[in-house]
Amino acid sequence: SQTIHQWPATLVQPVGSPLSLECTVEGTSNPNLYWYRQAAGRGLQLLFYSVGIGQISSEVPQNLSASRPQDRQFILSSKKLLLSDSGFYLCAWNLGQVPQETQYFGPGTRLLVL
Amino acid sequence: SQQGEEDPQALSIQEGENATMNCSYKTSINNLQWYRQNSGRGLVHLILIRSNEREKHSGRLRVTLDTSKKSSSLLITASRAADTASYFCATGVGAGSYQLTFGKGTKLSVIP
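What you see is a predicted model, and the numbers here were worked out from it, not measured in a lab.

Student: Explain the overall build of chain A here, please?
Tutor: A count of helices and strands for chain A gives 0 helices and 11 strands. For chain A, the N- to C-terminal ordering of α and β elements is β-β-β-β-β-β-β-β-β-β-β. Taking the principal axes of its C-alpha atoms as reference, chain A extends roughly 40 × 25 × 20 Å. For chain A, buried positions account for 49% of its 114 residues. In chain A, the proportion of contacts linking residues at least 24 apart, taken out of those at least 6 apart, comes to 56%. Surface accessibility of chain A: about 5300 Å² in total, with carbon and sulfur atoms responsible for 55%. Chain A carries 7 positive and 6 negative side-chain charges, and their two centres are separated by 10 Å.

Below, the structure written as structure tokens:
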């Protein structure tokens, strides 16, 4: 069966520090991968998605970047964190050429920027 | 602007009662999905209904879709304390788009 991992689970970082969040999927090949951010009491905002190694699409221009160095690994990064980067970051995956099918979410990383 | 909006924002019911949540959206969709999120956790997919379907069931869940009114409802029958969570609708729009647009969610509390 497929599983999705995210780490760390919780992170407290000072403003201006770098960020690296990692997401890995097991049990499948060539998944579509997604990074979302969820602000407190809000819905999910799609940040990036990837349909293959090295292929990254950005939905919202901002202080963050994403990379996909391996088929089942998706990394979210920032060179300098802002206070507004605080939130709950979720990675998700799905399969197939039809991108709007069911997405499967990881447990999330809670980021607090102070 | 938000594509999907859930209503109500919060709902509190007694165990055993039915819970109904609604979702309205603005533009034509390919499908509509419902997800559940327990506090501090990731989202769990509940059900997907396509634009040419009107009703779908999964266990104690019943989802309806009215494309003429651009609305969907999620009914949870015989609710349990374990159903306490936030429920989100998500819509997929446009050909070739990878984006699912999520609403802000309905926070359901089931009181034992």
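Student: Looking at this model, I keep getting lost on the pairing of strand E6 (residues 55-58) of chain A. Mind explaining?
Tutor: Both faces of the sheet carry side chains from a regular strand, because those side chains alternate between them. Residue and element names in this part refer to chain A. Pairing analysis gives 3 bridges linking strand E5 (residues 44-52) to E6, with the strands arranged antiparallel. Paired with Tyr49 across the strands is Ser57, a residue of E6. Turn length for the E5-E6 hairpin, with the two strands adjacent in sequence and antiparallel, is 2 residues, and the turn residue Gly54 shows positive phi of about 75°.

Student: Help me out: how do you make sense of the nonpolar core in this one?
Tutor: It is characteristic of soluble globular proteins that their nonpolar side chains tend to be buried jointly. Residues and elements named next belong to chain B. If you look at the biggest cluster of nonpolar residues, it comprises 21 residues, and the most contacted ones within it are Leu32, Trp34, Leu74, Ile76, Tyr87 and Leu108. Counting residues per element, the ones that place at least two in this core are strand E3 (19-25), strand E4 (31-37), strand E5 (43-50), strand E7 (61-66), strand E8 (71-76), strand E9 (85-92) and strand E11 (106-111). Ranked by residues supplied to this core, first place goes to E3 with 4 residues. When residues no more than four places from it in sequence are discounted, the contact partners of Tyr87 are Glu6, Met21, Tyr35, Arg36, Leu46, Leu74, Ile76, Gly105, Thr106 and Leu108.

Student: Looking at this structure, I do not really get the environment of A:Pro18. What am I missing?
Tutor: Position of A:Pro18 among the secondary structure elements: in the loop between strand E2 (10-13) and strand E3 (19-26). Sequence-wise, A:Pro18 and A:Ser77 are 59 residues apart; in three dimensions their C-alpha atoms are separated by 7.3 Å.

Student: Any chance you could explain the environment of B:Gly42 here in plain terms?
Tutor: Tracing the sequence through the fold places B:Gly42 in the loop between E4 and E5. Overall, the relative accessible area of 12% leaves B:Gly42 in the buried class. Beyond its immediate sequence surroundings of up to four residues, B:Gly42 is in contact with A:Leu90, A:Gly106, A:Pro107, B:Arg36 and B:Gln37.

Student: Where do I start with the side chain of A:Gln73 in this structure?
Tutor: Residue and element names in this part refer to chain A. For Gln73, the location among the structural elements is in strand E8 (residues 73-78). A distance of 2.6 Å separates polar atoms of two side chains, one belonging to Gln73 and the other to Glu22. Among residues more than four places away in sequence, those in contact with Gln73 are Glu22, Cys23, Thr24, Leu33, Ser67 and Arg68.

Student: So what exactly am I meant to see when it comes to the packing of aromatic side chains here?
Tutor: Ring pairs (aromatic) are described by centroid distance and by the angle formed between their planes. Counting across every chain of the model gives 9 aromatic pairs over all chains. Aromatic side chains A:Tyr36 and B:Phe102 sit 5.6 Å apart centroid to centroid with 85° between the ring planes, which places their arrangement in the edge-to-face category. You can see A:Tyr36 sitting in strand E4 (residues 32-38) and its partner B:Phe102 sitting in strand E10 (residues 100-102), one on each of two chains. For the pair formed by A:Tyr36 and B:Phe102, the shared burial category is buried.

What counts, and where the lines are drawn
- Residues numbered from 1 in each chain as written.
- Chains lettered and ligands numbered in written order.
- Predicted model: local features only at pLDDT ≥ 70, side-chain atom pairs only at ≥ 80, totals over all residues.
- Heavy atoms only, no water.
- Helix = DSSP H or I, 4+ residues; strand = E, 2+ residues; numbered from the N terminus.
- Buried < 20%, exposed > 50% of the residue type's maximum accessible area, 1.4 Å probe, protein only.
- Contact = heavy atoms within 4.5 Å.
- Areas by Shrake-Rupley, 256 points an atom, 1.4 Å probe, with all protein chains shown as cover.
- Lys, Arg positive; Asp, Glu negative; His and termini not counted.
- Charge placed at Lys NZ, Arg CZ, Asp CG, Glu CD.
- Pairing = 2+ DSSP bridges.
- Core = buried A, V, L, I, M, F, W, Y, C linked by side-chain atoms within 4.5 Å.
- Polar contact = N/O pair within 3.5 Å; in protein donor to acceptor, adjacent residues only side chain to side chain.
- Phe/Tyr/Trp six-rings, centres within 6.5 Å; stacked < 30°, edge-to-face > 60°.

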